[in-house]
Amino acid sequence: MSVAALVLAAGRGERLGASVPKAFVLLAGKPLLVHSLEALAESVSLDWLVPVVARADLGRFTSLGDSMNAIQGVTKPVVGGDERQDSVRAGLAALPEDVEWVAVHDAARPLVRPEDVERVIAAARSQGAAILATPVRDTIKRVRDGQIQETPPRAECYAAQTPQVFRVELLRKAVEKAAADGYRGTDDAELVERLGISVTVVEGHGSNLKVTDREDLEIAERLLAQRAAGGELR
Ligand code: CTP
Ligand code: MG
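Residues numbered from 1 in each chain as written. Chains lettered and ligands numbered in written order. Predicted model: local features only at pLDDT ≥ 70, side-chain atom pairs only at ≥ 80, totals over all residues. Heavy atoms only, no water.

**Student:** An account of the site of ligand 1 is requested, with residue identities and associated values reported.
**Tutor:** Contacts to ligand 1 come from 18 residues, most closely from Leu 8, Glu 14, Lys 22, Ser 87 and Lys 210. One of the backbone N or O atoms of Glu 83 is found 3.4 Å from a nitrogen atom in ligand 1. Surface burial for ligand 1 is 87%, taken as the share of its 560 Å² of free accessible area covered by protein chains. Broken down by class, the residue content of the shell around ligand 1 amounts to five nonpolar, four polar and nine charged. (Near = heavy atom within 4 Å. Polar contact = N/O pair within 3.5 Å; in protein donor to acceptor, adjacent residues only side chain to side chain. Areas by Shrake-Rupley, 256 points an atom, 1.4 Å probe, with all protein chains shown as cover. Nonpolar A, V, L, I, M, F, W, Y, C, P; charged D, E, K, R; others polar.)

If you want it as structure tokens, here you go:
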């Protein structure tokens, strides 16, 4: 009963606006993708780490060479698609037959803590599907055309992170249904929710931020430095 992580790195990183795609941008001298893979490799529950990269970046991936070979469980890269959901689909199609559970992770979340990866995998194994998420601090407004439509109770609002962990068959079904319906979700859980399946939330840690823009990269640098110094503030 093996567990694989799909490590999504096929985006362009337009909002970050670096000279290389986001997954290859350096954080403390190391590409975001390498940070993410190293963090996941520390999780004993993961058997395979499957990098999903854009076709145009296969050469860049190969150039990582030794740092990649040193990480336990990393497979050959899978070529991703135009949108994140297409990359997930490509990754699922490439998984070996005996993989029963899949953890989808954004390479753009380089600071995920191995203990949180373990907790979300354990929750998925007992409940069928689970994601990391953090309670929001701000009040959330649903807005259309500049007008508030709704204020969901803040205590019920969480910000979704990755990894998001599912039975492989369940996520396959969810992704195929979304494709058949022409539906684009903003995370993987949403596609599973559309099947009427309940997804468990495991409280994650604020340091598992998604590097989206320049400021996030600076925050990630600081968090990493704090960790190296033996403490973590966020
Ligand atoms: N991703 C992917 N394939 C895509 C688009 C995104 O594998 N076609 C991955 C990204 O590499 C990233 C994660 O999904 O690790 C989350 O996406 P996002 O933060 O939006 O990254 P980018 O799409 O690269 O950034 P941007 O939207 O700013 O271009
Ligand atoms: Mg994107």
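Let's pick the thread back up.
**Student:** Give a description of the pairing of strand 10 (residues 158-167) that names residues and reports values.
**Tutor:** Across four bridges, the pairing between strand 6 (residues 99-106) and strand 10 is antiparallel. Across the sheet, residue Val 104 finds its bridge partner in strand 10, namely Gln 164. (Pairing = 2+ DSSP bridges. Helix = DSSP H or I, 4+ residues; strand = E, 2+ residues; numbered from the N terminus.)

**Student:** I'd like a description of the side chain of Asp 216, backed by residues and values.
**Tutor:** Take Asp 216: it is sitting in helix 8 (residues 214-228). Filtering out sequence-adjacent residues up to four positions away, Asp 216 remains in contact with Leu 209, Lys 210 and Val 211. (Contact = heavy atoms within 4.5 Å.)

**Student:** Which residues make up the nonpolar core, and what are the values?
**Tutor:** Counting 31 residues, the largest nonpolar core has Leu 33, Leu 40 and Leu 46 as its most contacted members. When residues of this core are traced back to their parent elements, those giving at least two are strand 1 (2-9), helix 1 (32-41), strand 4 (48-53), strand 6, helix 5 (114-127) and strand 7 (129-135). The contact partners of Leu 46, leaving out residues within four places of it in the chain, are Val 3, Ala 4, Ala 5, Leu 40, Ala 103, Val 117 and Ile 121. Counting 25 residues, the second largest nonpolar core, distinct from the first, contains Leu 6, Val 50, Ala 133 and Ala 174. (Core = buried A, V, L, I, M, F, W, Y, C linked by side-chain atoms within 4.5 Å. Buried < 20%, exposed > 50% of the residue type's maximum accessible area, 1.4 Å probe, protein only.)

**Student:** An account of the packing of aromatic side chains is needed here, citing residue identities and associated values.
**Tutor:** Aromatic rings considered in pairs are described by the distance between their centres and by the relative angle of their planes. Enumeration according to the criterion identifies zero aromatic pairs in this entry. Between Arg 194 and the ring centre of Tyr 183, over which it is positioned, the NZ or CZ distance is 4.0 Å. (Phe/Tyr/Trp six-rings, centres within 6.5 Å; stacked < 30°, edge-to-face > 60°. Lys NZ or Arg CZ within 6 Å of the ring centre and 35° of its normal.)

**Student:** Go over unusual backbone geometry, please, and point to the residues and values.
**Tutor:** Pro 163 follows Thr 162 through a cis peptide bond whose omega is 5°. With a phi close to 45°, Ala 28 is a non-glycine residue in the positive phi region. Structurally, Ala 28 can be placed in the loop between strand 2 (26-27) and strand 3 (30-31). In the Ramachandran plot, Asp 145 falls in the positive-phi region, its phi being about 50° despite a non-glycine side chain. With respect to the helices, strands and loops of the structure, Asp 145 is situated in the loop between strand 8 (142-144) and strand 9 (147-150). Asp 145 gets classed as exposed once you look at its relative accessible area, which sits at 75%.

**Student:** Outline the pattern of salt bridges, listing residues and values.
**Tutor:** If the charged atoms of two oppositely charged side chains come close together, the side chains can form a pair. Taken as a whole and judged by the stated rule, the model has 17 salt bridges. Linking Glu 176 and Arg 89 is a salt bridge whose minimum nitrogen-to-oxygen distance equals 2.8 Å. Within this pair, whereas Glu 176 is found in helix 6 (residues 168-181), its partner Arg 89 is found in helix 4 (residues 84-94), the two being separated by 87 residues in sequence. According to the relative accessible area criterion, Arg 89 is partly exposed, its value standing at 36%. Between Arg 142 and Glu 150 there is a salt bridge, with the nearest N and O atoms lying 2.9 Å from each other. Owing to a relative accessible area of 39%, Glu 150 belongs among the partly exposed residues under this scheme. (Salt bridge = Lys/Arg side-chain N within 4 Å of Asp/Glu carboxyl O.)

**Student:** Can you break down the side chain of Asp 106 residue by residue, with the values?
**Tutor:** Tracing the backbone shows Asp 106 in strand 6. Ignoring sequence-local partners within four residues, the contact set of Asp 106 consists of Leu 8, Ser 36, Arg 84, Thr 162 and Lys 210.

**Student:** If you had to explain the sheet that holds strand 4 to someone new, which residues and values would you point to?
**Tutor:** Taken together, the seven strands give an open sheet; going across it, the order is 5-4-1-6-10-7-11, and neighbouring strands pair in mixed fashion. The open sheet has two free edges, formed respectively by strand 5 (78-79) and strand 11 (200-203), since each of these has just one partner strand. Here strand 7 pairs with strand 11 via four bridges, running parallel. Looking at the pairing, Ile 131 lines up with Val 201 of strand 11. Its contacts with the sheet place helix 1 against strand 1, strand 4, strand 6 and strand 10, and it is angled at close to 165° to strand 1. (Axes fitted to C-alpha atoms, helices over the stretch in contact; angles between N-to-C directions.)

**Student:** Talk me through the pairing of strand 1; I want residue IDs and the actual numbers.
**Tutor:** When you tally the buried positions in strand 1, you get eight out of eight residues, the bulk of the element. Going residue by residue along strand 1, you find Ser 2, Ala 4, Leu 6 and Leu 8 tucked away on one face and Val 3, Ala 5, Val 7 and Ala 9 tucked away on the opposite face as well. Two elements, strand 1 and strand 6, share seven bridges in a ladder whose sense is parallel. Paired with Ser 2 across the strands is Val 99, a residue of strand 6. Bridge count between strand 1 and strand 4: six bridges; the pairing is parallel. Considered in strand 4, the bridge of Val 7 is made with Pro 51.

All we've got here are geometric facts, nothing functional implied.
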